[in-house]
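Structural characterization, general
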Amino acid sequence: ECTLASFGAKYAVALLTPIAFALLVVVELSVLRVLKPHVSALADLADVALGAQLLSAMFLVSPLAYLPLARSTLALFDCTRLPDKRFWLDADMSVECYASAWWRLFPLAVLCVVLFVVAIPAAIAYTMRAHWSRLFSDATVLGSFGSVYKLFRRPWALMPIALLFRKLFIACVSLFLSRLPVFQFTALLLPLLVWGLCQWHLQPYFFPLYDQLELTLSSLLSVLLVAGVVSSSSASGSSGGGGGHDPSVFVSVVVGAALIALVGAAGLFIYRDVRSIRAERLSSQSSAQPLSQHERRVLRFLEQSAPDVDNANAFAALWAPRSG
């Protein structure tokens, strides 16, 4: 960031680095495939197609890398019209949009929009639909692509695609509404609220603990965004010469409390998750076959639904695994 002087150089490096890393992975995998017949230490490597290995790597890194990649790519299109009736780049106000320097970066931006913004969710969705019937039953499919969807219940295995679109929405709002902070904070609330309602109603995660964690973190982040809206509104009011009490102290207290609660909630849920994993490992060493957390959840649902079932034979078939 400090070494490169021009925005064009920074933009090119930011986008070409992941491409170079992907090409390096392709070269490394190709070399390993060539050396495998001749090196005994590589004999145990599985015979997996190069394309499948690249897809597996993309499934592994995309949940974390998609948001910064999308934001870095779309930064070139974040232009603001100033009183001189010309458009300037928000990321660097010394760069005029639609001028020669901007157009030199345009082909790279379009390429990365296709490769990062569009191709990543499209490839994940296509791969999951192609292996839909074997997502959880085939060990090879689960090992190659399960890093994205294995935390979700079977009916909601495609939920990671929705999460990628949520990240894309957040990237667009953070870029294109940066000069309208009140609207920006309000728009950022939308995916949190929508996802929170879906989380509460659908409970898509395989482990209920993750549903609780997601709801808690979304609620606390919503509080932070509301505090941001109040702070921006009060700043606009004070700049306009309005009177009244300054809510900055109250906002600071709310933000501090929310951050402390956010860190505390994350630590608490990590502790609960580690304790649950440890308990299951210890119980698996005993002679009895313990029920997993998900199985206990299913049985609890069956117990609650028993009075509403009219077909006794159908319910007996569902209940049979417990009696067995």
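Up top is the structure.
What this report covers is the structure whose coordinates are included nearby. (Residues numbered from 1 in each chain as written. Predicted model: local features only at pLDDT ≥ 70, side-chain atom pairs only at ≥ 80, totals over all residues. Heavy atoms only, no water.)

A separate point is the environment of Leu151. For Leu151, the location among the structural elements is in the loop between helix H4 (139-149) and helix H5 (159-176). Along the primary structure Leu151 and Pro204 are separated by 53 residues, whereas in three dimensions their C-alpha atoms are 8.7 Å apart. Beyond its immediate sequence surroundings of up to four residues, Leu151 is in contact with Tyr205, Phe206 and Tyr210. (Helix = DSSP H or I, 4+ residues; strand = E, 2+ residues; numbered from the N terminus. Contact = heavy atoms within 4.5 Å.)

Here we take up the packing of helix H1 (residues 7-35) against helix H3 (residues 100-130). H3 packs onto H1 with a crossing angle of 30 degrees between their chain directions and a minimal axis gap of 11 Å. Considering the angle they form, H1 stands roughly parallel to H3. H1 and H3 meet at a crossing whose hand is left-handed. Residues Phe7, Gly8, Tyr11, Ala12, Leu15, Leu16, Pro18 and Ile19 of H1 form the contact with H3, whose own contacting residues are Leu105, Leu108, Ala109, Cys112, Leu115 and Phe116. Broken down by class, the residue content of the contact of H1 with H3 amounts to 13 nonpolar, one polar and no charged. (Axes fitted to C-alpha atoms, helices over the stretch in contact; angles between N-to-C directions. Parallel < 35°, antiparallel > 145°, perpendicular 65-115°, else oblique. Left-handed = near helix turned anticlockwise from the far one by under 90°. Nonpolar A, V, L, I, M, F, W, Y, C, P; charged D, E, K, R; others polar.)

So, about the packing of H3 against H5. Relative to each other, H3 and H5 sit at 170 degrees, their axes nearing to 10 Å. As judged from the angle between their axes, H3 and H5 are roughly antiparallel. Facing Val117, Ile120, Pro121, Ile124 and Ala125 of H3, the residues of H5 in contact are Ile161, Leu164 and Leu168. Each residue belonging to the contact of H3 with H5 can be placed in one class, and the counts come to eight nonpolar, no polar and no charged.

Before going further, it helps to spend a moment on the side chain of Gln184. Along the chain, the position of Gln184 falls in helix H6 (residues 181-202). Within polar-contact distance, the side chain of Gln184 engages the backbone oxygen of Ser174 at 3.1 Å. Beyond its immediate sequence surroundings of up to four residues, Gln184 is in contact with Val173, Ser174, Leu177 and Ser178. (Polar contact = N/O pair within 3.5 Å; in protein donor to acceptor, adjacent residues only side chain to side chain.)

Positive phi values are uncommon outside glycine, yet Lys85 reaches one of about 65 degrees. Within the secondary structure, Lys85 sits in the loop between strand E1 (79-81) and strand E2 (87-89).

Turning our eyes to something else, we now look at the packing of aromatic side chains. All chains considered together, the criterion is met by 12 aromatic pairs. Look at Phe87 and Tyr98: their rings are 5.7 Å apart centre to centre, the planes differ by 75 degrees, and that puts the pair in the edge-to-face class. Remark: Tyr98 occurs in the loop between E2 and H3 and Phe87 occurs in strand E2; sequence separation between them is 11 residues. Under the relative-accessibility criterion, Tyr98 is labelled partly exposed at 45%. The rings of Phe77, Phe87, Tyr98, Trp102, Trp103 and Phe106 are connected pair by pair, giving a single aromatic cluster. Across from the ring centre of Trp132, 5.1 Å away, lies the NZ or CZ of Arg129, which sits over that ring. (Phe/Tyr/Trp six-rings, centres within 6.5 Å; stacked < 30°, edge-to-face > 60°. Buried < 20%, exposed > 50% of the residue type's maximum accessible area, 1.4 Å probe, protein only. Lys NZ or Arg CZ within 6 Å of the ring centre and 35° of its normal.)

Among all positions in H4, only Val141, Ser144, Phe145, Gly146, Val148 and Tyr149 are buried. Between a side-chain oxygen at the N-terminus of H4 and the backbone nitrogen of Thr140 the separation is 2.8 Å; the capping residue is Asp138.

The next subject is the pattern of salt bridges. Using the criterion set out here, one finds five salt bridges in the structure. Note that Asp84 is salt-bridged to Arg86, the shortest N-O span being 3.5 Å. With a relative accessible area of 39%, Arg86 lands in the partly exposed category. With a shortest N-O distance of 3.5 Å, Arg86 and Glu96 are connected by a salt bridge. Here Glu96 lies in the loop between E2 and H3 and Arg86 lies in the loop between E1 and E2, a separation of 10 residues in the sequence. The structure contains a network of salt bridges with shared partners spanning Asp84, Arg86 and Glu96. (Salt bridge = Lys/Arg side-chain N within 4 Å of Asp/Glu carboxyl O.)

Ranked by internal contacts, the top residues of the largest apolar core, which has 38 residues, are Tyr11 and Ile124. Breaking this core down by element, the ones donating at least two residues are H1, helix H2 (50-74), H3, H4 and H5. If near-sequence neighbours (up to four positions away) are discounted, Tyr11 is found in contact with Ser72, Thr73, Leu76, Leu105, Leu108 and Ala109. (Core = buried A, V, L, I, M, F, W, Y, C linked by side-chain atoms within 4.5 Å.)

Glancing now at a nonpolar patch on the surface. Together, Val27, Val31, Val34 and Leu35 make up a nonpolar patch on the protein surface, roughly 330 Å² of accessible area in all. Note that Leu35 resides in helix H1. Leu35 sits in the partly exposed class, given a relative accessible area of 37%. (Patch = residues over 30% accessible without salt bridge, like charges linked within 9 Å, V, L, I, M, F, W, Y side chains within 5 Å. Areas by Shrake-Rupley, 256 points an atom, 1.4 Å probe, with all protein chains shown as cover.)

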